[in-house]
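Now for the letters of each chain:
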Amino acid sequence: MESKVVDAMRVGLRCLMSTCPSTKATDDSQRLYATSSCANVPEVAPSEAPLSDMLVDSFGRFHNYLRISLTERCNLRCQYCMPAQGVQLTPNSELLSHDEIIRVAGLFVTSGVDKIRLTGGEPTIRKDIEDICLHLSGLKGLKTLAMTTNGLVLSKKLPRLKECGLNALNISLDTLVPAKFEFMTRRKGHSRVMESIDASIQLGFQSVKVNCVVMRGMNDDEICDFVEMTRDKPVNVRFIEFMPFDGNVWNVKKLVPYAEMMDKVRQRFKGVERLQDHPSETAKNFKIDGHAGTISFITSMTEHFCAGCNRLRLLADGNLKVCLFGPSEVSLREPIRAGVDDAGLREIISAAVDLALPAPEAIVPLDS
């Protein structure tokens, strides 16, 4: 049974990569953008020797970072992320259970994954979040257990989460203005997010990052205010280029390019110095003289980082996604529930990772 599942997954992945219509740019997007070529992306040597070949793709990239979505649900309705009425959710019966999450994570960690990030939706609204953290942090070989959260209900959960092994946090916050926060998220709660940031620092988390998606005409006037936050707070503020995808057409009106953001920072602050980035780092990191924290820029749109990508994504429904920009997903939930053993699951994962590409459909502005 296992071999049949593996064969089916291999065939399905190859068909999906070659025929999925979502990989083809529309006429409008072709006029606006150039498609980055995967054929010219050099192979990247793994930074560490992998424990197995399961996580090494055909370009030599070692994927030692797993992002696990714990839920599709969220307690905010951010305008760039979700319609006001919400979205249709996958039935609970089709989401990975606690035990299934731990089992799959264990397979990845024993094969060389040393960093896991919990995401959503909003991971803190999952009732068993503390127990999941406790079990994941106990996996031998895991060095970092991180979480990306909107921070709305985080502060009251932080002490227990830290006890359960969570050691790094990314807190999403796109504005420092309470009224604008309510407009952007369609919910109140700005002060609670700020409390969560302060509590994370006070509790001594290994890493505290603030993720800010920058949108023209919305919060691009607050870039320097966010930088000012790092003067006294030992946080890493990360400015993320807005990925403006509307239906099937890329819309650049709200995109603020990295170069423009950097110009604003340099005009206001002196002593801005580039830090050495890790080969698989997605961010461009900087320190500023006299500041306790640092700033970073994630240039998803203008300067993609496919060549050094080391990430894999396990979605809440059990699908493994090997590329954020790519269409390929392979279900791990179905073979698990069909009785496939760990060896069979490793084969399926290996087949998916082997077909990972440096985002041939990642689209980059012509003038970047």
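This text follows the structure it describes.
Overview of the structure. (Residues numbered from 1 in each chain as written. Predicted model: local features only at pLDDT ≥ 70, side-chain atom pairs only at ≥ 80, totals over all residues. Heavy atoms only, no water.)

On to the sheet that holds strand S2 (residues 65-69). Remark on secondary structure: sheet strands pair via backbone hydrogen bonds, oriented parallel or antiparallel. The strand order S10-S11-S12-S7-S6-S5-S4-S3-S2-S13-S14-S15 describes an open sheet built from 12 strands, whose pairing is mixed. Edge positions in the sheet fall to strand S10 (272-274) and strand S15 (329-331), since each of these pairs with one other strand and no more. Sheet twist, expressed as the average angle between the axes of neighbouring strands with direction ignored, equals 25 degrees. As paired strands, S2 and strand S3 (residues 115-119) are joined by 5 bridges and run parallel to one another. Bridge pairing in S3 places Leu66 opposite Ile116. Its contacts with the sheet put helix H3 (residues 98-110) on S2, S3, strand S13 (311-314) and strand S14 (319-321), and the angle it makes with S2 is roughly 170 degrees. (Pairing = 2+ DSSP bridges. Helix = DSSP H or I, 4+ residues; strand = E, 2+ residues; numbered from the N terminus. Axes fitted to C-alpha atoms, helices over the stretch in contact; angles between N-to-C directions. Contact = heavy atoms within 4.5 Å.)

Relative to the assigned elements, Thr299 resides in the loop between strand S12 (294-298) and S13. Assessed through its relative accessible area of 0%, Thr299 is described here as buried. Polar contacts involving the side chain of Thr299 include one to the side chain of Lys284, which spans 3.0 Å. Each residue touching Thr299, except ones within four places of it in the same chain, is listed here: Glu241, Tyr258, Thr282, Lys284, His304 and Phe305. (Buried < 20%, exposed > 50% of the residue type's maximum accessible area, 1.4 Å probe, protein only. Polar contact = N/O pair within 3.5 Å; in protein donor to acceptor, adjacent residues only side chain to side chain.)

Turning next to the environment of Ile171. Note on placement: Ile171 falls in strand S5 (residues 168-172). The exposure class of Ile171 is buried, given its relative accessible area of 0%. Between the C-alpha atom of Ile171 and that of Met194, which follows or precedes it by 23 residues, the distance is 9.5 Å. Residues within four places of Ile171 in sequence aside, it is in contact with Thr149, Asn150, Gly151, Leu154, Val193, Ser196, Ile197, Ser200, Lys209, Val210 and Asn211.

Looking now at the pairing of strand S7 (residues 236-241). Counting buried positions along S7 yields 6 of 6 residues, so the element is predominantly enclosed. Residue alternation in S7 divides its side chains into two sets, Asn236, Arg238 and Ile240 and Val237, Phe239 and Glu241, and both sets are buried. Summarising the sheet, strand S6 (residues 207-214) and S7 pair through 6 bridges and their orientation is parallel. For Asn211, the partnering residue across the bridge sits in S7 and is Arg238. Once you follow S6 into helix H8 (residues 223-229) and on to S7, the crossover reads as right-handed. Note that S7 and S12 share 5 bridges and pair parallel. Across the sheet, the residue bridging to Arg238 is Ser296, located in S12. (Right-handed = clockwise from strand over helix to strand, strands pointing away.)

Phe108, Ile116, Leu118 and Phe239 are the most contacted members of the largest nonpolar core, which has 79 residues in total. Residues Met184, Met215, Ile240 and Ala283 belong to the second largest nonpolar core, which totals 7 residues. (Core = buried A, V, L, I, M, F, W, Y, C linked by side-chain atoms within 4.5 Å.)

Let us now look at the pattern of salt bridges. Pairing is possible between side chains that carry opposite charge, provided their charged atoms lie close to one another. One pass over the full model with this rule turns up 17 salt bridges. Between Arg61 and Asp57 there is a salt bridge; the shortest N-O distance is 2.7 Å. The exposure class assigned to Arg61 is buried, which follows from its relative accessible area of 4%. By relative accessible area, Asp57 is classed as buried at 4%. The partner of Asp128 in a salt bridge is Arg126, and the shortest N-O contact between them spans 2.7 Å. Taking relative accessible area as the criterion, Asp128 reaches 22% and is therefore assigned partly exposed. When salt bridges that share partners are traced, they join Lys180, Asp221 and Glu222 into one network. (Salt bridge = Lys/Arg side-chain N within 4 Å of Asp/Glu carboxyl O.)

Relative to the elements of secondary structure, Leu275 occurs in the loop between S10 and strand S11 (283-288). A residue is classified by how much of its surface remains accessible, and Leu275, at 29% relative accessible area, is partly exposed. Taking the C-alpha atoms as reference, Leu275 lies 9.9 Å from Ile295; in sequence the two are 20 residues apart. With sequence-adjacent residues up to four places away left out, Leu275 is seen in contact with Asn285, Phe286, Lys287 and Thr294.

For the coordinates displayed, the defined rule picks out 4 aromatic pairs. Each ring, one from Phe286 and one from Phe297, has its centre 5.8 Å from the other, and the planes form 80 degrees; the classification is edge-to-face. You can see Phe286 sitting in strand S11 and its partner Phe297 sitting in strand S12, a full 11 residues away along the chain. By relative accessible area, which is 0% here, Phe297 ends up buried. The ring of Phe205 carries Lys162 above its face, with NZ or CZ at 5.9 Å from the centroid. The ring of Tyr258 is capped by Lys284, whose NZ or CZ atom sits 5.4 Å from the centre of that ring. (Phe/Tyr/Trp six-rings, centres within 6.5 Å; stacked < 30°, edge-to-face > 60°. Lys NZ or Arg CZ within 6 Å of the ring centre and 35° of its normal.)

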